Amino acid sequence: NAGVTQTPKFQVLKTGQSMTLQCAQDMNHEYMSWYRQDPGMGLRLIHYSVGAGITDQGEVPNGYNVSRSTTEDFPLRLLSAAPSQTSVYFCASSYGAGRGEKLFFGSGTQLSVL
Amino acid sequence: GQQVMQIPQYQHVQEGEDFTTYCNSSTTLSNIQWYKQRPGGHPVFLIQLVKSGEVKKQKRLTFQFGEAKKNSSLHITATQTTDVGTYFCRNSRGAQKLVFGQGTRLTINP
């Protein structure tokens, strides 16, 4: 049982490049979410999903796209990377529809945009 | 999502001293969760409080939920170097956009 798996662990991009951060969970969780963590800003919700085919925006969705074609996977796409997207990204999942169940986090992706 | 304010933002203590972080909201919370993130690691769930006035203990950690369900605290007795990290609270009001507090970063002088 691997839990929540994120890849890659580190990534450097140039401004304007696109990429996808991968997230997979093997716990059959309905709820999956993406957070970014910047110094002094805590964890900010980017996008979330309450099940396959259902996604919604969080606090800071601009510049990011998501999709949820399966229960297991919830990739985060950066369409045109900007230096302001330099951050540590965490994927998290939970049972139920995200109404207060505890979150299980992946180990994170450290992204630098030059 | 509803904002929760966490104070202090940083706390440095001598090993063996106590530590407390507070999570405050202007409106009533449904429940409150606490997470710990070690340096370089990911957040890990510690506990959830649901009832007004609830108090839960985990060894040297004591978690409290206010009577009005607008605030919560995490108290660590006699800190150890293993307590180093950032502690986050997370609010739930029955909505799906659940927000975290800004976190309290704890450093310890051995």
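What counts and how
- Residues numbered from 1 in each chain as written.
- Chains lettered and ligands numbered in written order.
- Predicted model: local features only at pLDDT ≥ 70, side-chain atom pairs only at ≥ 80, totals over all residues.
- Heavy atoms only, no water.
- Disulfide = S-S within 2.5 Å.
- Helix = DSSP H or I, 4+ residues; strand = E, 2+ residues; numbered from the N terminus.
- Buried < 20%, exposed > 50% of the residue type's maximum accessible area, 1.4 Å probe, protein only.
- Pairing = 2+ DSSP bridges.
- Axes fitted to C-alpha atoms, helices over the stretch in contact; angles between N-to-C directions.

One way to say it: the disulfide is the covalent bond shared by the sulfur atoms of two cysteines. Residue and element names in this part refer to chain A. Under the counting rule described, the total for this entry stands at 2 disulfides over all chains. At a sulfur-sulfur separation of 1.9 Å, the disulfide partner of Cys-23 is Cys-91. Handedness here is read from the sign of the S-S torsion; for Cys-23 and Cys-91, about -70 degrees, the answer is left-handed. Taken together, the residues span a long stretch of sequence, with Cys-23 in strand β3 (residues 19-25) and Cys-91 in strand β9 (residues 87-94) at a distance of 68 residues.

With that settled, consider the pairing of β9 of chain A. All names here are of chain A. Where burial is concerned, most of β9 is hidden: 7 out of the 8 residues are buried. Pairing of β9 with strand β11 (residues 109-113) involves 3 bridges; the strand directions are antiparallel. Looking at β11, one finds that Ser-87 is bridged to Leu-111. Pairing geometry for β9 and strand β10 (residues 104-105), over 2 bridges, is antiparallel. Across the sheet, residue Ser-93 finds its bridge partner in β10, namely Phe-104.

With that settled, the discussion passes to the sheet that holds strand β7 (residues 64-66) of chain A. Residues and elements named next belong to chain A. Taken in spatial order, the 4 strands line up as β1-β3-β8-β7 in an open sheet, and their pairing is antiparallel. Two strands in the sheet have a free side with no partner beyond their single neighbour: β1 (4-7) and β7. Going across the sheet, the axis of each strand differs from the next one's by a mean of 20 degrees, ignoring polarity. Examined bridge by bridge, β7 and strand β8 (residues 76-78) share 3 bridges and lie antiparallel to one another. Along β8, the bridge assignment pairs Tyr-64 with Leu-78.

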